[in-house]
Structure formats: C-alpha cells, structure tokens
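# Survey of secondary and tertiary structure
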Protein chains: 2
Amino acid sequence: MMSNHDEQFEATHTEGSKMGIDLVGKTVKNKQIIFKGYIDGSPMENDMELKLGDGLKLEVPKGSNAIVVKNLYLSCDPYMRGRMLDFRGSYIPPFTPGSAIEGFGVSKVVDSDDPNFKRGDLVSGITNWEEYSLIHKTDQLRKIEQDDGIPLSYHVGLLASGAVGQLVGQLAKLHGCYVVGSAGTSKKVELLKDKLGFDEAFNYKEELDLDAALMSRYFPEGIDIYFDNVGGAMLDAALANMRIHGRVAVCGMVSQTNRTDTQTFLNMFSVISKRVTIKGFLQSDFVHLYARFLEDITGWYKQRKIVYIEDMNNGLESAPAAFVGLFSGKNVGKQVICVASE
Amino acid sequence: MMSNHDEQFEATHTEGSKMGIDLVGKTVKNKQIIFKGYIDGSPMENDMELKLGDGLKLEVPKGSNAIVVKNLYLSCDPYMRGRMLDFRGSYIPPFTPGSAIEGFGVSKVVDSDDPNFKRGDLVSGITNWEEYSLIHKTDQLRKIEQDDGIPLSYHVGLLASGAVGQLVGQLAKLHGCYVVGSAGTSKKVELLKDKLGFDEAFNYKEELDLDAALMSRYFPEGIDIYFDNVGGAMLDAALANMRIHGRVAVCGMVSQTNRTDTQTFLNMFSVISKRVTIKGFLQSDFVHLYARFLEDITGWYKQRKIVYIEDMNNGLESAPAAFVGLFSGKNVGKQVICVASE
C-alpha cells in the first residue's frame, strides 16, 4: 500500500525502525476518509468519502511540539456516530465537516518535535482516518511498549476502547459471576458461549418477549448487575428483572439512532421498588486506573484467562463500510482497520 | 363522632387515658372504608365505600399478642394507589378487595395482649381505615412519646411518611443547597417560596418547555441533585439539565397512573454523557436511621428551622375524596384524615 517502500534507507540512523526514518521530509499524497456533513439517522457509507490529499510533507515544524505519525490500525467504535450529529452538548465535540474523521488508532512516529516521542516510537490514542497525521495534542497519546505476546492492533481493542461487551462478560466470569450475554446473530451467540465462556447467551432478535426470556430462562432469581451497552428495550427488560439493590452500569446506548430518538420504558418504576442504582460512566473518568488495567488484562490474556475476538478489515478504503456495519451488527468482535502493517 | 363518650369511666384504672379504658369490652359498630376492587387508572371515590360493621368487640383475645386500637389520624399517601392494582411484584402487596384500606395512622391502644403496649398508649404505624382496628403485626408499630410541641397528627406526616417534597426542599436548604421546587398551582408555588423558603419555584402546568425553563431560568449551570417524586416528563427534563456526576434520588413517580403506563425519555443518554447516578430508595431500607431522623426533625421544627404544612380533613367519611384529590393536586401539604381527636 505504501508508495515509499522503495526509497533509500538512511543507514546513519539507528533508533526506530526503517520505515519511521525513511519517510522524514518526504511529501506524500495522503489518503483520507473525509466526514462529509452532519447526519440525522444511522450512518451510511456515503456520509464519508475517500480523498487523496494534495501532498503532505512528513516533517514537524520546529517549535510546534507536534508529531507526524504513520497510522497503522484504526478503531471503529459506535460512540463515533454521536460525533456525526450536529450537537455540541455531549461529552465530545462533533466531527468537522470536510475534515478527516477522528478516532483511536495505533501509529508510528515519523517525525517529532515533542521530547516525549522519538522517531520510530509506537503510540496509541486519538489520530485521524488517514495514512499520515500531524498530531498536536500529543499529551493524549500513550507510548506502546512492544510485546511479542500482544498484537499491535490490540492497543485499540483489548487494551483500550471498543468491543466492550466481550471483555465485560469475561471479566465478570473471572470475578465469579454467572454471565448471560446478548447478541444479534446465532453465530455470535455461539461465540459468546463456546469461545468466551459465558454461561448463557441469547439472540435478542429472536426473542419475542425479552422480559419473559430473562425471567423464565436466564435469571429466575433476578439480575444483580446489568452492564448496559444498548439502552432502549433491553434496558427496560433488564429493569423489570433486577434484584433488590441491583446495579446497572450504563456504558452505551447503541440502540439509539438519533439524538431525537426517545426511549420508552415500561419498567422504570423498578428503580424504586427494587431500589436499583443506574450509573453512567465514561472511560475518560478512569484514566488514572489505566496502568493497572493494562497490567491485569495483559496478564490474563497471556495466561489465556481471557479471549479476544477482533474483526480486521484491510485498507483505509474499507473503513466507511466497516464503520457503518457496526450498527447492523456485521462485525464479529472488535472492528479494526489495518491501514498499514508497519 | 364517638357513640361511647357518655359511658361510665372506670375510676380504678390510673394508667392510660379515660378513653382508652372506657371502651374495653364494649361492642361498637365499626365504620370502615372498604376497598372495593382492583383499578386500572386513577383512583376514584367509588373505588372505596363506607361500611358500617356488624359490631366489633373491643377486646383482645388472650394469647393473640395483638392489640385493639382506636384510630385518631390516618395518612393519605400517593404510594397507596399502587396497592389498588392487581400486581404482586412490587415492594408491598396489593389491598384485599372487600377489606378495609390499610395505611399509616396514629392510634390509641384500647386493649393489649402485647407486653410492649398498654392501654392508653399512643402508637403510629400501619393500621386500617376504620374507627377501631385489631392489629396483629404490632412489631411494625412505634410508641409515640407525647410532646406538647408536636401535634399528634404530625406522626403520620412531618415525622413519618408523606408530604415528602416540602421537607426535602427545606432539608436541602438547611444543608446549604440552592433549592427550586415544582408544584401544580400558583398558590402552592407561592407557599414553596414564601412559607417554605425555597429559592425558586415554578408551576409545571404552566411551563410549555420544562427543559428550557430549567436551563435558562433556574439552573443555567446545571442540576447537582434532583429529588424525583414524579417521574415522566419532569425526570426527563431534569436529566437534560444534570451537571456532570449529578445525582438523582428517586422516591416516587406520581405522574404514572397505571402499571402499564410507559415513560418516554428523550434525555436518557445524559446518564452516560453526564455520568449521572439514578438511585431509587424506599423508606423501609432506612428504618435504622429513624431515631436520628426523629431527633433532627423534632429539633429543627421546634427551632422553627423547618415549617410543615398539613391538609387535615375531618371524619373517616372524608377519606376517599381526600385520597382521590392527591392525584389532581387538591391537597395543600400533607393530607391527613382526622378520625377522632382523642
């Protein structure tokens, strides 16, 4: 995919990898996925477009404190839909129409004016959906310590955001819980049970009465903890089946397509009768726990106590379709785009 | 109201009051408010009926551990509507059709087979909507220490359940909060501001856009704590205006008429974006704090740091209309029925 692979390697540099050094000062046509404009409903592929840039010089201006990176892996996450809406009241601002889409990624430093990063470093954090990015907000990036036991792309998935449900269930199992998962295809249901080790799983699209299914089949004694990633009807069914003093951790509401969508609840009164606690949270409030999380997850993964399912698409061009597919459940596991493998 | 007032007083008894002793062994026609049958919507007066009993002997069977009481004050509370529904899944069982309505009251002991209570004692707790009651569940009763500074009826209101909003706001003021109240008539709005000392109050029936009113007029910087007694549209508007890490204490949902009513939310996503905690609670979970509550409230009331508004109706006959009036906001302050003044 790279047009610069055949250029001369400058042997005088010994730090970093060949690739990172090779490119400094070169001008590249920078492929980008552009956000075309604000949407109302579900994202569609033509809300984004592939654009070839006019030419980007891979060099950081002195005094800018910025870095230039080559993007390797990009993360497709449901929360990004919220940034496609023309709404400034949320926890993260909307995308800028006409600019490249912003998201989590794993990248390699090509040039740096920031003393904390040097050429060849691998970083994870907010970057753009393009081949190369000039990043000013370097304080939001984390340097990746490479580890042969952990694929690089896992730094946008297993070790960071996304594919939350598969991990939550496994962590709950590790902590002794009885775990029931919900998914939208029978293939995923089998994965939850056979590969991830959930005690039970069901296909929510095949349940005529979610409330009754939870009560009679999976939680005859009620739910102690409901991890909510979808909102809407599933949350409502869970509320009906909570145990007294049960807890609902709200991480996402992927069932909600528009900001003007309403959610209708039949069982909100359970909050009182069962004395339920519903608590929303954002990853950004828990950054101080990241080091511990990284250590725990890396350890469990290497000990094969947890499994991680990744859905990798190849090529920046594949990003819009992969992103759109999240909302119809096309992905199996964490959706990642491989822009370049090194 | 009492037919027995002219009967002979037995001067040999010195414990208790005249009334309590007078009646022992007498047979009375016991007026009752009977629950006729389960309802679907808002309660109506003819869901209840006044009945004159066949004759109740005011004497406790030996070995029963029960007591017989004369009911003085009965409490009308919105939660009682829930007991009129044919639904066994809530925190309190439904009423029994054909039997007297059950509720909080202040009563005087006429006869006792329970060593913890003696004739003439005043008690508060669960009794029936009738002139005299035989109570077996005496462990749910509290003995009242009479205090000239605190009217007896306050033991079903200020010092117990009901009329929650007026107290919550005043307690929040005592703890340094800026307090905005909501009520359904302009008279009540004035009371909240002028008599109870709320910083602001508004008539929710006159607000075309609750969300906008909260944001622009009362909470331009957002709501830290929302005490929810109503659910529905008001909860939705509050959610839209919560501050980050704001808290919602859910005590009641009086806006909900039926168990099959749905609540529709436009702003449930705020739970995530603002990291809101919603927590339901029941008074019964906090009984262990009652002694402290009683001491605090009694003290503040006597120091005139809090004010209490009571809406007293006279006569057991007035109970059905008074109860029904709760749901159209007819009452001003805590609704109490005076069955007998001593």
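Before going into details, it helps to say that this report is about the structure given with it.

Basis of the calculations
Residues numbered from 1 in each chain as written. Chains lettered and ligands numbered in written order. Predicted model: local features only at pLDDT ≥ 70, side-chain atom pairs only at ≥ 80, totals over all residues. Heavy atoms only, no water. Axes fitted to C-alpha atoms, helices over the stretch in contact; angles between N-to-C directions. Helix = DSSP H or I, 4+ residues; strand = E, 2+ residues; numbered from the N terminus. Parallel < 35°, antiparallel > 145°, perpendicular 65-115°, else oblique. Left-handed = near helix turned anticlockwise from the far one by under 90°. Contact = heavy atoms within 4.5 Å. Nonpolar A, V, L, I, M, F, W, Y, C, P; charged D, E, K, R; others polar. Buried area = accessible area lost by both parts, 1.4 Å probe. Salt bridge = Lys/Arg side-chain N within 4 Å of Asp/Glu carboxyl O. Polar contact = N/O pair within 3.5 Å; in protein donor to acceptor, adjacent residues only side chain to side chain. Pairing = 2+ DSSP bridges. Right-handed = clockwise from strand over helix to strand, strands pointing away. Least-squares fit on C-alpha atoms with pLDDT ≥ 70 in both. Core = buried A, V, L, I, M, F, W, Y, C linked by side-chain atoms within 4.5 Å. Buried < 20%, exposed > 50% of the residue type's maximum accessible area, 1.4 Å probe, protein only. Arc of directions from axis to C-beta.

Glancing now at the packing of helix α4 (residues 210–218) of chain B against helix α5 (residues 232–240) of chain B. Residue and element names in this part refer to chain B. For the pair α4 and α5, the least separation of the axes is 8 Å and the interaxial angle reads 40 degrees. Here α4 lies oblique to α5, going by the angle between them. For α4 against α5, the interelement crossing comes out right-handed. Two secondary-structure elements touch here, α4 through L210, D211 and L214 and α5 through A233, M234, A237, A238 and A240. By residue class, the composition of the contact of α4 with α5 is seven nonpolar, no polar and one charged.

Each partner contributes residues to the interface: chain A has 32 residues there, and chain B has 32 residues. Carbon and sulfur atoms supply 62% of the area that chain A and chain B bury against each other, a total of about 2,600 Å² over both sides. In this assembly, chain A and chain B are joined by two salt bridges. The salt bridge involving R275 of chain A is made with D285 of chain B; its shortest N-O contact spans 2.6 Å. Our count for the contact surface shared by chain A and chain B stands at 12 residue pairs in polar contact (both at pLDDT 80 or more). When residues of the side of chain A that touches chain B are assigned to their parent elements, the largest contribution, four residues, is made by strand β15 (residues 277–280) of chain A. Residues belonging to the side of chain A that touches chain B are distributed by class as follows: 14 nonpolar, 12 polar and six charged. Pairing analysis gives three bridges linking β15 of chain A to strand β15 (residues 277–280) of chain B, with the strands arranged antiparallel. By the bridge assignment, K279 of chain A is partnered in β15 of chain B with T277 of chain B.

Looking now at the pairing of strand β10 (residues 180–183) of chain A. Note on strand geometry: in a regular strand, side chains alternate between the two faces of the sheet. Residues and elements named next belong to chain A. Relative to strand β11 (residues 200–203), β10 is paired through four bridges, and the arrangement is parallel. Paired with V180 across the two strands is E200, which belongs to β11. Handedness of the crossover joining β10 and β11 through helix α3 (residues 186–195) is recorded here as right-handed.

The subject of this paragraph is the sheet that holds strand β12 (residues 223–228) of chain A. Read across the sheet, six strands follow the order β12(A)-β13(A)-β15(A)-β15(B)-β13(B)-β12(B) without closing on themselves; strand pairing throughout is mixed. A single partner strand is all that each edge strand has here, and the edge strands are β12 of chain A together with β12 (223–228) of chain B. Between one strand and the next, the sheet's axes are offset by a mean angle of 10 degrees, whatever the strand orientation.

Right, let's talk about the environment of A322 of chain B for a bit. Residue and element names in this part refer to chain B. You can see A322 is positioned in helix α8 (residues 319–325). A sequence separation of 80 residues divides A322 from M242, and the C-alpha atoms of the two residues are 35 Å apart. Once residues within four sequence positions are removed from consideration, A322 is found in contact with C76, N313, Q335 and I337.

Below, the discussion takes up the side chain of N30 of chain A. Residue and element names in this part refer to chain A. Residue placement: N30 occurs in the loop between β1 (27–28) and β2 (31–35). Among the polar contacts listed, one links the side chain of N30 to the backbone nitrogen of E131, at a separation of 3.2 Å. Discounting residues that sit within four places of it in the chain, N30 has contacts with K51, L52, G53, L56, E130, E131 and Y132.

This paragraph deals with the relation of the copies chain A and chain B. Its rotation angle being 180 degrees, the transformation that places chain A on chain B also includes 0.0 Å of axial translation and leaves an RMSD of 0.0 Å. The superposition operator between the copies reduces to a two-fold rotation axis. Considering only C-alpha atoms, the part of chain A nearest the rotation axis is T264 of chain A, at 2.1 Å. Of the interface residues in chain A, 100% have counterparts in chain B that sit at the interface too, so the contact is made through matching surfaces.

Counting residues in hydrophobic clusters, the biggest one holds 48 residues, and the most contacted among them are L239, V248 and I278 of chain A together with L239, V248 and I278 of chain B. Apart from the residues lying within four places of it in its own chain, the contact partners of V248 of chain B are Y226, D228, L235, L239, M242, V276, T277, I278 and K279 of chain B. F35, I39, C76 and A322 of chain A belong to the second largest nonpolar core, which has 20 residues in total.

Scanning the entire structure with this criterion turns up 26 salt bridges over all chains. A salt bridge links D111 of chain B to R119 of chain B; its shortest N-O distance comes to 3.4 Å. Owing to a relative accessible area of 24%, R119 of chain B belongs among the partly exposed residues under this scheme. In this structure, a network of salt bridges that share partners links the residues K118, D121 and K143 of chain A.

Residues and elements named next belong to chain A. Within the span of helix α4 (residues 210–218), buried status applies to L210, A213, L214 and Y218. Projected down its long axis, α4 carries its buried residues within an arc of 95 degrees, all on one side. If you follow the buried residues of α4, they end up packed against β10, β11, β12 and α5 (232–240). Capping the start of α4 is the job of one residue whose side-chain oxygen sits 3.2 Å from the backbone nitrogen of D211: D209.

Glancing now at the environment of N229 of chain B. All names here are of chain B. Along the chain, N229 falls in the loop between β12 and α5. In the structure, N229 is positioned 102 residues away from N331 in sequence and 16 Å away in space, judged by C-alpha atoms. In contact with N229, not counting residues within four places along its chain, are V164, G165, C251, G252, M253 and V254.

Turning to the environment of F327 of chain B, a few remarks are in order. Tracing the chain through its elements places F327 of chain B in the loop between α8 and β17 (334–338). Apart from the residues lying within four places of it in its own chain, the contact partners of F327 of chain B are P43, P78, R81 and V254 of chain B.

Time to look at the pairing of strand β5 (residues 67–75) of chain A. Residues and elements named next belong to chain A. Burial analysis of β5 places nine of its nine residues in the buried class, the great majority of the element. As paired elements, β5 and strand β8 (residues 132–135) share four bridges and run antiparallel to each other. The partner of V69 across the bridge, within β8, is S133. Here β5 runs beside strand β17 (residues 334–338); their pairing, made up of three bridges, is antiparallel. Bridge pairing in β17 links L74 to I337.

Geometry only, nothing functional implied.
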